[in-house]
Amino acid sequence: MAVALEDLKFTLQEVLDTFKSCLSEHKEVFLEHYVAGWRGLVRFMNCLGSVFSFISKDAVNKIQILVNHLNGENGAHYVTIQSMVKYELDSQLVDLTKRGSFPESGCRTLLRLHRALRWLELFLERLQTSTEDSNTSVMCTEAYNESLAQHHTWIIRKAAGTAFWALPGRATFFDVMNVGSPEQVMAVLGDTLPLISEVYQVTEDLYAQNNILELP
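Source: prediction; values computed, not measured.

1. Remarks on the state of the cysteines
For step 1, the next point in the chain: Counted according to the given criterion, the structure contains 0 disulfides.
For step 2, the next point in the chain: Sulfur of Cys22: no disulfide; nearest cysteine sulfur belongs to Cys107 and is 17 Å away.
For step 3, the next point in the chain: We classify Cys22 as buried; its relative accessible area is 0%.

2. Overview of the environment of Val176
For step 1, the next point in the chain: By the secondary structure assignment, Val176 is in helix α8 (residues 170-177).
For step 2, the next point in the chain: On the basis of relative accessibility, which here comes to 15%, the residue Val176 falls in the buried class.
For step 3, the next point in the chain: A sequence separation of 24 residues divides Val176 from His152, and the C-alpha atoms of the two residues are 27 Å apart.
For step 4, the next point in the chain: The contacts of Val176, once residues within four sequence positions are left out, are Phe10, Phe44, Cys47 and Leu48.

3. Description of the environment of Val202
For step 1, the next point in the chain: Structurally, the position occupied by Val202 is in helix α9 (residues 182-209).
For step 2, the next point in the chain: The contact partners of Val202, leaving out residues within four places of it in the chain, are Leu23, Lys27, Val29 and Gln82.

4. Digging into the layout of surface pockets
Over the atoms, a rolled probe matching the size of one water molecule traces out where space is still vacant.
For step 1, the next point in the chain: In this structure, the largest pocket occupies an estimated 250 Å³ of space.
For step 2, the next point in the chain: Here the residues of the lining of the largest pocket are counted per class, giving 8 nonpolar, 2 polar and 3 charged.

5. A few points about the packing of aromatic side chains
For step 1, the next point in the chain: Taken as a whole and judged by the stated rule, the model has 9 aromatic pairs.
For step 2, the next point in the chain: Put simply, the rings of Phe52, Phe54, Trp119, Tyr144 and Phe164 pair up and form one aromatic cluster.
For step 3, the next point in the chain: Between the NZ or CZ atom of Arg118 and the centre of the ring of Tyr200, over which it lies, the distance is 5.4 Å.

6. Some thoughts on the nonpolar core
For step 1, the next point in the chain: Ranked by internal contacts, the top residues of the largest apolar core, which has 70 residues, are Tyr34, Trp38, Phe52, Ile81, Met84 and Trp119.
For step 2, the next point in the chain: For this core, the leading source of residues is helix α5 (residues 106-128), giving 12 residues.

7. Considerations on the side chain of Thr136
For step 1, the next point in the chain: As for its placement among the helices and strands, Thr136 is situated in helix α6 (residues 136-145).
For step 2, the next point in the chain: Within the structure, Thr136 has its side chain in polar contact with the backbone oxygen of Pro168 (distance 2.6 Å).
For step 3, the next point in the chain: When neighbours within four sequence positions are excluded, Thr136 is seen to be in contact with Phe123, Leu127, Leu167, Pro168, Gly169, Arg170 and Phe173.

8. Observations concerning α8
For step 1, the next point in the chain: Residues Arg170, Phe173, Phe174, Val176 and Met177 constitute the buried set of α8. Each buried residue of α8 sits inside an arc of 160° when the element is viewed along its axis, so together they form one side. In α8, the exposed positions that point more than 90 degrees away from the buried face belong to Ala171 and Asp175.

9. A closer look at α6
For step 1, the next point in the chain: With 7 of its 10 residues buried, α6 lies for the most part within the structure.
For step 2, the next point in the chain: Residues of α6 that are buried: Thr136, Ser137, Met139, Cys140, Thr141, Ala143 and Tyr144.
For step 3, the next point in the chain: Considering only its buried residues, α6 is in contact with α5, α7 (154-164) and α8.
For step 4, the next point in the chain: A side-chain oxygen of the first residue of α6 lies 2.8 Å from the backbone nitrogen of Ser137; this N-cap is Asn135.

10. Things to note about the UniProt feature "domain: Glycolipid transfer protein" (unreviewed entry) in the protein chain
For step 1, the next point in the chain: The residues that UniProt annotates with the feature "domain: Glycolipid transfer protein" (unreviewed entry) are residues 31-178.
For step 2, the next point in the chain: Structurally, residues 31-178 is divided into 66% helix and 0% strand, and its ends, taken at the C-alpha atoms, are 26 Å apart.

Thresholds applied
- Residues numbered from 1 in each chain as written.
- Predicted model: local features only at pLDDT ≥ 70, side-chain atom pairs only at ≥ 80, totals over all residues.
- Heavy atoms only, no water.
- Disulfide = S-S within 2.5 Å.
- Buried < 20%, exposed > 50% of the residue type's maximum accessible area, 1.4 Å probe, protein only.
- Helix = DSSP H or I, 4+ residues; strand = E, 2+ residues; numbered from the N terminus.
- Contact = heavy atoms within 4.5 Å.
- 1 Å grid on protein atoms, 1.4 Å probe; cavity = no way out; pocket = protein on both sides within 12 Å on 5 of 7 lines; lining within 4 Å.
- Points joined across faces, edges and corners; volume = space filled by probe spheres on them.
- Nonpolar A, V, L, I, M, F, W, Y, C, P; charged D, E, K, R; others polar.
- Phe/Tyr/Trp six-rings, centres within 6.5 Å; stacked < 30°, edge-to-face > 60°.
- Lys NZ or Arg CZ within 6 Å of the ring centre and 35° of its normal.
- Core = buried A, V, L, I, M, F, W, Y, C linked by side-chain atoms within 4.5 Å.
- Polar contact = N/O pair within 3.5 Å; in protein donor to acceptor, adjacent residues only side chain to side chain.
- Arc of directions from axis to C-beta.
- UniProt positions renumbered as here; feature names shortened; annotations may be inferred.

Following this line, the structure appears as structure tokens:
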């Protein structure tokens, strides 16, 4: 019997391997690998219970929209994030000032994942430099306030703050990452975070150059 991808045990190594594949030699971001990296991050969040469900459920929805673009009749334009942005802007397939005709444009959809990636990057950075007595709830809240919070309504921010206080301890996070001892977790995080950071920054710069960082 085939095993669903979601049922396989998560390991941080798969996220590392996927983000290694994200960037071309010319620093273009392959959308297929970006989506695959996000699938791994969703599985990581889901391994921690329902605490992150308000983000992971939205991420799953956004992932599917991007997969639909990749597999659609115009899929050739969605091979990289760069080609997607050029195609959608040139073809006027993006709602630039208010939500309307293209709520599922690739540019808008990826922007939401991009913002969430920054939060996860900041949180994982804190985990990597944490000590045994570090509070995961505080670290997660700080990372959220520096990133996603500014794009969420007050109600969502309130719910997020409450949810984060239910986070398990640092040891549970390390167990879920499934790469061995705390020292091995730190090592894999040390390899993974620069890759996530570079993919994030390349995307951030691309969106800034095209004035689409604040798509409605």
